[in-house]
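Fold and contact review
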Amino acid sequence: MASNPVGVRLPAAWNYGAVERALRNAHSRGDKSIFEPSLGQVFDSPQEGYEFFNMYSWEVGFGIRYGRCRTSATGCHTRQDLVCACEGRETRPEARSARSGCRATLCLLRNDHISEHNHPLSASCGEGRQWNSHRRIDQMTRDLVCNLRANNVQIFRVCSIHGSMHGANQYAPFSRQSIRSLCARLTQESIEGDMDKTMELFRSMKMEDPGLVVRMQVDDEQRVKSLFWCHGIGPENYSFFSDAVTFDTTYKTNLYNLPFGLFVGVNHHFQTIIFGAVLLTEETTSAFQWAFRSFVEAMDGVAPRTILTDQCQSICAAISMELPTTRHRWCKWHVLRKAKESLGAIYSKNFGFKCALHELLDEVVSIPEFETRLAQLIEQHALGENQFLARAYENRAMWAKPYFT
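So, here's what we can say about the structure. (Residues numbered from 1 in each chain as written. Predicted model: local features only at pLDDT ≥ 70, side-chain atom pairs only at ≥ 80, totals over all residues. Heavy atoms only, no water.)

**Considerations on the overall build of the protein chain**
When its secondary structure is counted, the protein chain shows 15 helices and 11 strands. Radius of gyration (C-alpha) of the protein chain: 33 Å, far over the 22 Å computed for a compact globule of 405 residues. Each principal axis of the C-alpha distribution contributes one length, and for the protein chain these read about 95 × 60 × 55 Å. Burial statistics for the protein chain: of 405 residues in total, 35% are counted as buried. In the protein chain, of all internal contacts separated by at least 6 residues, the share reaching a separation of at least 24 is 48%. When the accessible surface of the protein chain is totalled, it reaches about 25,100 Å², and 52% of it is carbon and sulfur. On the protein chain, the mean spot of the 45 positive side-chain charges and the mean spot of the 44 negative ones are 6 Å from each other. (Helix = DSSP H or I, 4+ residues; strand = E, 2+ residues; numbered from the N terminus. Rg over C-alpha atoms; globule rule 2.2 N^0.38 Å. Buried < 20%, exposed > 50% of the residue type's maximum accessible area, 1.4 Å probe, protein only. Contact = heavy atoms within 4.5 Å. Areas by Shrake-Rupley, 256 points an atom, 1.4 Å probe, with all protein chains shown as cover. Lys, Arg positive; Asp, Glu negative; His and termini not counted. Charge placed at Lys NZ, Arg CZ, Asp CG, Glu CD.)

Here you go:
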C-alpha cells in the first residue's frame, strides 16, 4: 500500500462539516433525502444546523425559519428551534399568510425532530424559490454583487451577470428581486458615514497631490450643499487652454441622483482635459453661482473666455452674474439632443431634414445664407408652427455659427 506523501495529511471524517458528510454518504441513502436530519446528529454551530436543515427543506419542498431560542444564565444557548415557514398562524384576520400551524420542527440541543407537514409541499424549483429561506444569498455571491455595484454596474446588469453564471437552462438559486433587495441593503450600508469617507479620500488625495483644491458650501445646519474640487494639474492646464470651457451637468450620481458638473477643455492635441468638478444638491441659480465662483477662484481668478453649456435658465442667469466678461454659448450636442426630443420623427426618421439641419449648424457661417436656408427648411417641412424651432430662432445667437463674434 502506498503511503501518503511527506507533509500531506488526509482529512479525517470528523474534519468534514455536516453538509460534506451528507454528500459523501449520498450513495448509501438510496431514495431517501440526502440531507435528512437524524436524532443525535452533531453540528459545529447553530448556523451549520440551519444550513443543513435548509438544504433538507429544499429537497423536500418547504421553507424554514428560526423559532424559539433559550439561553442559560451564563448566556449559553440551551435550545434553538428551526421550524417550518408555515409554523404558527396569522393573528390578523385581514392578512394573507402561508402559515397553517405546521408543527414540523428540528430542535437543536434537544433530541427532537418532527418531519410531518400539514400543507402541500413545493413541487418545482420555481415554487421552492418562493420560500424566504431559499432566497438567501451566499457570501460569495454577496461579495460579487458588492464589487459590481462598487464599480457602478447597474442593477439589471448585475442580475444578468448572475444569471449567466448559472447557465441558460438552470434555475438560479435566488430571484432577481433578491438581488435588487441585496443591492438596496448595500446602498443603505454605504450611506453610513459617507461624508467622513469622502473627506478621508480627499485627505489621502491631498497627500499625493499637494495642489489639490477642495471647496465646500454648507447650509445653516452645517450640512454640505455643494462640493468643488480640482487636481493640481487643473490650473496649470487652464493657464494654457482657457479659451473655451464646457460645463456639463448631464451626469448624475447613481446613489443620490445628485447633479455632477464637469469643467472640461481641449488641449493642443484635441484631447479632453478636465479642469475641475462639482457636486450639487440643487440646480438653482445660487448653486451655479457658487460653482462658477469656486471654479474661477481655483483657477487663480481667471475667468474663461468662452463657456459652453446646455439651455438651463439657471446656468444662464448664474453666468451673467458671475462671469460677465465670458462669452456664453450653447453646446451643439445639447441643441441637437433637444431637437431630437422636440421634433420626434421629423428629425429621427427624415434623413433629408436631419442632414440639412446638421449642415446648417456645421458649415454655414454667413448670416444671410443662414437666414435663407433656415426659412427654406422650415417651409419645406411645414414647421412654421413648431414651438421648438421658434424658440431656437429667437436664441440663434447662442448656437448658430454666423452669430458668433
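Once you've had a look at it, read on.
**What to know about the environment of serine 366**
Along the chain, serine 366 falls in the loop between helix H13 (351-362) and helix H14 (367-380). By relative accessible area, serine 366 is classed as partly exposed at 29%. Between the C-alpha atom of serine 366 and that of arginine 305, which follows or precedes it by 61 residues, the distance is 23 Å.

**Quick notes on the packing of aromatic side chains**
Going through the model one piece at a time under the given rule, you end up with 19 aromatic pairs. When the ring of phenylalanine 228 is compared with that of phenylalanine 263, the centres are 6.3 Å apart and the planes differ by 70°; the resulting orientation is edge-to-face. Linking phenylalanine 228 in strand E6 (residues 224-230) with phenylalanine 263 in strand E8 (residues 259-266), this pair joins segments that are 35 residues apart in sequence. With a centroid separation of 5.7 Å and an interplanar angle of 85°, the aromatic rings of phenylalanine 370 and tyrosine 403 are classed as edge-to-face. (Phe/Tyr/Trp six-rings, centres within 6.5 Å; stacked < 30°, edge-to-face > 60°.)

**Some thoughts on the nonpolar core**
Within the largest apolar cluster, 26 residues are counted, with the highest numbers of intra-cluster contacts made by Phe228, Phe247, Phe263, Phe275, Val278, Phe292 and Phe295. Contributing elements (two or more residues each) for this core: E6, strand E7 (244-252), strand E9 (272-280), helix H9 (285-298) and helix H10 (313-322). The element best represented in this core is H9, accounting for 8 residues. Not counting the four nearest positions on each side in its chain, valine 278 is found in contact with Leu227, Phe228, Trp229, Phe247, Pro259, Phe260, Gly261, Phe263, Trp290 and Ala291. Counting residues in each nonpolar core, the second largest holds 23 residues, with Ala339, Leu374, Leu383 and Ala392 among its members. (Core = buried A, V, L, I, M, F, W, Y, C linked by side-chain atoms within 4.5 Å.)

**Some remarks on the side chain of arginine 79**
Looking at the element boundaries, arginine 79 is found in strand E2 (residues 77-84). Note on arginine 79: relative accessible area 13%, which makes it buried. A polar atom in the side chain of arginine 79 sits 2.9 Å from the side chain of aspartate 81. Residue contacts for arginine 79: discarding those within four places in its chain leaves Arg68, Cys69, Arg70, Cys107, Leu108, Leu109 and Arg110. (Polar contact = N/O pair within 3.5 Å; in protein donor to acceptor, adjacent residues only side chain to side chain.)

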